[in-house]
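# Descriptive analysis of the structure
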Amino acid sequence: GQQLNQSPQSMFIQEGEDVSMNCTSSSIFNTWLWYKQDPGEGPVLLIALYKAGELTSNGRLTAQFGITRKDSFLNISASIPSDVGIYFCAGPPSISNFGNEKLTFGTGTRLTIIP
Amino acid sequence: EPEVTQTPSHQVTQMGQEVILRCVPISNHLYFYWYRQILGQKVEFLVSFYNNEISEKSEIFDDQFSVERPDGSNFTLKIRSTKLEDSAMYFCASRGGTSGTVRSDIQYFGAGTRLSVL
């Protein structure tokens, strides 16, 4: 099956720092989604990307859909304490039944802010 | 904002017992999903459901698992005879709406049910 690998696996940063993480795939994705998961909660969608090369922002978050369609990155600027959590990239496989579109999730990047 | 609701938040059961995890998807959504997340691991797809039948299921979703939409609002996941390795967070998700701020192509997740099999 399609695999999504995220790096880094974990990050320890100070408040105010910028953060960059990425996601790579062994095969093409037509949609890239970035979710954040707080402890004990379900994934919450941050940004959705639909076209190769697309660059989209949501407040302090910026994500890009790689032109090869096999990668994506997420940047967070000026991190704050509530940014702590696990960030997952996800997407429906490029070959999937229309409308069903199960999501394949990445391995996750755990963000910790050091006081 | 509309949300997916899951109950209970934590379920503890003995190995071999049956459990039913409940979900109330976002109203007027058409596609429903169950995922699971073993502690410290990534979220894995279990099953998708549309038009009152399973659309797709993963290798994890074996004969011990079943899903049902009994009354038009609830969406349940049943594990017939739980095993230790079924211990995980189970997430329900739904997709497909056209009203307000809810996008039709995005899956919205519930907060999850933590299943602990002893």
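Attention in this report is confined to the structure presented alongside it.

Take the state of the cysteines next. Residues and elements named next belong to chain B. Throughout the structure, instances matching the rule amount to 2 disulfides over all chains. Each sulfur in the disulfide pair C23 and C92 lies 2.0 Å from the other. Across the disulfide from C23 to C92, rotation about the S-S bond amounts to roughly -65°, and the bridge is consequently left-handed. Remark: C92 occurs in strand β9 (residues 88-95) and C23 occurs in strand β3 (residues 19-24); sequence separation between them is 69 residues. By relative accessible area, C92 is classed as buried at 0%.

Okay, the interface of chain A and chain B next. If you look at the interface, chain A gives 21 residues, while chain B gives 22 residues. Of the roughly 1,800 Å² buried between chain A and chain B, counting both surfaces, carbon and sulfur atoms make up 52%. Inspection of the chain A/chain B interface yields 1 salt bridge. Between K102 of chain A and E56 of chain B there is a salt bridge, with its nearest N and O atoms 3.2 Å apart. In this structure, the connection of chain A to chain B is made through 4 residue pairs in polar contact (both at pLDDT 80 or more). At the level of elements, β4 (32-37) and β5 (44-49) of chain A are the ones that each hand at least two residues to the side of chain A that touches chain B. Here the side of chain A that touches chain B takes 3 residues from β4 of chain A, the largest share from any one element.

Calculation notes
Residues numbered from 1 in each chain as written. Chains lettered and ligands numbered in written order. Predicted model: local features only at pLDDT ≥ 70, side-chain atom pairs only at ≥ 80, totals over all residues. Heavy atoms only, no water. Disulfide = S-S within 2.5 Å. Helix = DSSP H or I, 4+ residues; strand = E, 2+ residues; numbered from the N terminus. Buried < 20%, exposed > 50% of the residue type's maximum accessible area, 1.4 Å probe, protein only. Contact = heavy atoms within 4.5 Å. Buried area = accessible area lost by both parts, 1.4 Å probe. Salt bridge = Lys/Arg side-chain N within 4 Å of Asp/Glu carboxyl O. Polar contact = N/O pair within 3.5 Å; in protein donor to acceptor, adjacent residues only side chain to side chain.

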